[in-house]
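Tertiary structure, described
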Amino acid sequence: MQALKRLQPGLAGIADGYQGFIIDLWGVVHDGERPHPGAIDALKHLRSAGRSVCLLSNSPRRESDVAAKLEAMGVGPDIYDHLITSGELTLEALANPPDAWHEGLGQRYLHLGPPSGFGILAALRQTQVDTPRLAHFVLATGTCAGETVETYSDVLIDCARLGRPLLCANPDLIVNVGSEVAICAGSLAKQYETLGGETRYYGKPHLPAYRRCLKLLGLRPDETLAIGDGLPTDVAGGMAAGIDVAFVTSGIHCSELGTVWGCMPSAGRLAALLKSSGQTPRFVLPSLTW
C-alpha cells in the first residue's frame, strides 16, 4: 500500500472495508486509568454502522473483572460485542487442558506476581505452593509496584534448574499505567527463556487468541481489522493470523517514535521503527478515533 494511503487520521475512511474489528485495550482504548479521547466515540460509530467488535487484551485478569473496570471508565458492554483476556485464556487452559502437554502439568504451581494473581488464582483448581521444589509448574501473572525482572532472578534460576515449565498469563513486556511504566509477565517469561526454561504464552501475538476472536465474531480474517499499539504483539499477531492491522502510534511506542499522544510521528521515525520491527501494518493511526 502507498505510504499516503497507509496513514489515516481515524477509522472513518477505512471502516467500510471490514465487518469486524479486533481492538486492543491498554494503550488504544484507555491508559489504565481513563479512556483515551475519541476512543468511546469510535466504538459507538462502529456499533452504529453495524460492525462487530471484539476487545482483545493481554491483561492477566478475568474477563469479568476487565469488563467491570471498562464500565467504570464509561466503556459499557453496549459498545462492544465480545471481550477476551489472556488471563481468562490461561485459566481456561488450566481448567480444561486442551492437549497432553497441559494435562501433564501437575497440580501444584508457584505463582510469580501480585498476591491477588489479578483474580485468576481464586478460580484455579490447582494448589499454590511457595517454593520451586514443591511446584510442578510456574504461573507468571506480572509484578508488584516497583519490582523489576531482577527481583525474581533467584526464583527464576531455581525454577529453570528444576525444569519447571512457566505459563505466562500476559505476554506484554511492559505497560504504561498513566505516566508510570509497569513490568509485565512477558518480561519474566523472556528472562526465563534465556535461562533455558520452558515457557507457554496465552494471548497476543499467539494464534489461538485470534482464532477465538474470529470464532466469536463469526468472520473470516479478510473481513476483519485488528487495531493495536504493540508491534511485537498486536501487529505481529494480527498479521500472522492473516488479518489486516492498523497500528496506533500513540501507545507503547510513542517515545520511540518521538511524538506525543494523538499526533502522527514523522515519516522517517515511523519508517525506521517499522523496518526494525519487521512489521508492515496495512494502516497507521495516531490514535483510536473516528
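Further up the page is the structure itself.
Points about the nonpolar core
Ranked by size, the top nonpolar core spans 36 residues in total, and within it Ile 22, Leu 56, Leu 124, Leu 139, Leu 167, Ile 243 and Phe 247 carry the most contacts. Elements that contribute at least two residues to this core include exactly β2 (52–57), α4 (86–95), β6 (137–140), α8 (207–217), α9 (231–240), β12 (244–248) and α10 (267–277). Of the residues forming this core, the biggest block, five residues, is contributed by α8. Core analysis: the second largest hydrophobic core is formed by 29 residues, Ile 23, Val 75, Leu 83 and Ile 227 among them.

Things to note about helix α7 (residues 185–194)
For α7, the full list of buried residues reads Ala 185, Gly 186, Ser 187, Leu 188, Ala 189 and Tyr 192. The secondary structure elements touched by the buried residues of α7 are β4 (108–112), β6, α6 (153–162), β7 (166–168), β9 (180–183) and β10 (199–201). Gly 196 lies just past α7 and shows a positive phi near 90°.

Some points on the packing of α6 against α7
Any two packed helices are characterised by the angle at which their axes cross and by the distance between the axes. At a minimum axis separation of 10 Å, α6 and α7 run at an interaxial angle of 50°. On the basis of the axis angle, α6 is oblique to α7. Here the hand of the crossing between α6 and α7 comes out right-handed. Residues Leu 156, Cys 159 and Ala 160 of α6 form the contact with α7, whose own contacting residues are Leu 188, Gln 191 and Tyr 192. Classifying every residue of the contact of α6 with α7 gives five nonpolar, one polar and no charged.

Thoughts on the sheet that holds β12
One open sheet holds the six strands; their spatial order is β3-β2-β1-β11-β12-β13, and the pairing between them is parallel. The open sheet has two edge strands, β3 (82–85) and β13 (283–285), and neither has a second partner. Neighbouring strand axes in the sheet, compared pairwise and without regard to direction, differ in orientation by 20° on average. Lying on the sheet, α4 is in contact with β2 and β3; it crosses β3 at an angle near 70°. In the packing of α8 onto the sheet, contacts are made with β1 (20–23), β2, β3 and β11 (224–228), and the angle to β2 comes to roughly 155°.

Some points on empty space enclosed by the protein
Counted by the stated rule, this structure contains two cavities of 30 Å³ or more. Taken as a whole, the largest cavity spans an internal volume of roughly 100 Å³. In terms of lining residues, the largest cavity is bounded by Leu 25, Trp 26, His 30, Ser 57, Ser 59, Arg 61, Val 66, Lys 69, Leu 70 and Met 73. With four residues, the top contributor of residues to the lining of the largest cavity is helix α3 (residues 63–73). Grouping the amino acids of the lining of the largest cavity by side-chain chemistry returns five nonpolar, three polar and two charged.

Some remarks on the layout of surface pockets
Estimated volume of the second largest pocket: approximately 330 Å³. Lining the second largest pocket are 14 residues, with Leu 89, Ala 93, Pro 98, Tyr 202 and Pro 208 sitting closest to its centre. When residues of the lining of the second largest pocket are traced back to their parent elements, those giving at least two are α4, β10 and α8. Classifying every residue of the lining of the second largest pocket gives seven nonpolar, three polar and four charged.

Things to note about helix α2 (residues 39–48)
Of all the positions in α2, only Ala 39, Ile 40, Ala 42, Leu 43 and Leu 46 are classed as buried. With its buried residues spanning 160° around the axis, α2 presents them on a single face. Tucked into the core, α2 has its buried residues touching β1, β2 and α3. Following α2 by one or two positions, Gly 50 adopts a phi angle in the positive range, close to 80°.

Observations regarding the side chain of His 30
Within the secondary structure layout, His 30 lies in the loop between β1 and α2. Exposure remark for His 30: the relative accessible area of 6% places this residue in the buried category. Apart from residues no more than four positions distant in its own chain, His 30 is found in contact with Leu 25, Pro 35, His 36, Leu 70 and Met 73.

Let's talk about the pattern of salt bridges
Under the definition given, this model contains 13 salt bridges. Between Arg 62 and Glu 88 there is a salt bridge, with its nearest N and O atoms 2.8 Å apart. Taken together, the positions of Arg 62 in the loop between β2 and α3 and Glu 88 in helix α4 put the pair 26 residues apart, joining distant regions of the chain. Note on Glu 88: relative accessible area 10%, which makes it buried. Close ionic contact of Arg 282 with Asp 244 constitutes a salt bridge, the shortest N to O distance being 3.5 Å. On the criterion of sequence distance, the pair formed by Arg 282 in the loop between α10 and β13 and Asp 244 in strand β12 is long-range, its members being 38 residues apart. Connected through shared salt-bridge partners, Asp 24, Lys 204 and Asp 234 make up one network.

What counts and what doesn't
Residues numbered from 1 in each chain as written. Predicted model: local features only at pLDDT ≥ 70, side-chain atom pairs only at ≥ 80, totals over all residues. Heavy atoms only, no water. Core = buried A, V, L, I, M, F, W, Y, C linked by side-chain atoms within 4.5 Å. Buried < 20%, exposed > 50% of the residue type's maximum accessible area, 1.4 Å probe, protein only. Helix = DSSP H or I, 4+ residues; strand = E, 2+ residues; numbered from the N terminus. Contact = heavy atoms within 4.5 Å. Axes fitted to C-alpha atoms, helices over the stretch in contact; angles between N-to-C directions. Parallel < 35°, antiparallel > 145°, perpendicular 65-115°, else oblique. Left-handed = near helix turned anticlockwise from the far one by under 90°. Nonpolar A, V, L, I, M, F, W, Y, C, P; charged D, E, K, R; others polar. Pairing = 2+ DSSP bridges. 1 Å grid on protein atoms, 1.4 Å probe; cavity = no way out; pocket = protein on both sides within 12 Å on 5 of 7 lines; lining within 4 Å. Points joined across faces, edges and corners; volume = space filled by probe spheres on them. Arc of directions from axis to C-beta. Salt bridge = Lys/Arg side-chain N within 4 Å of Asp/Glu carboxyl O.

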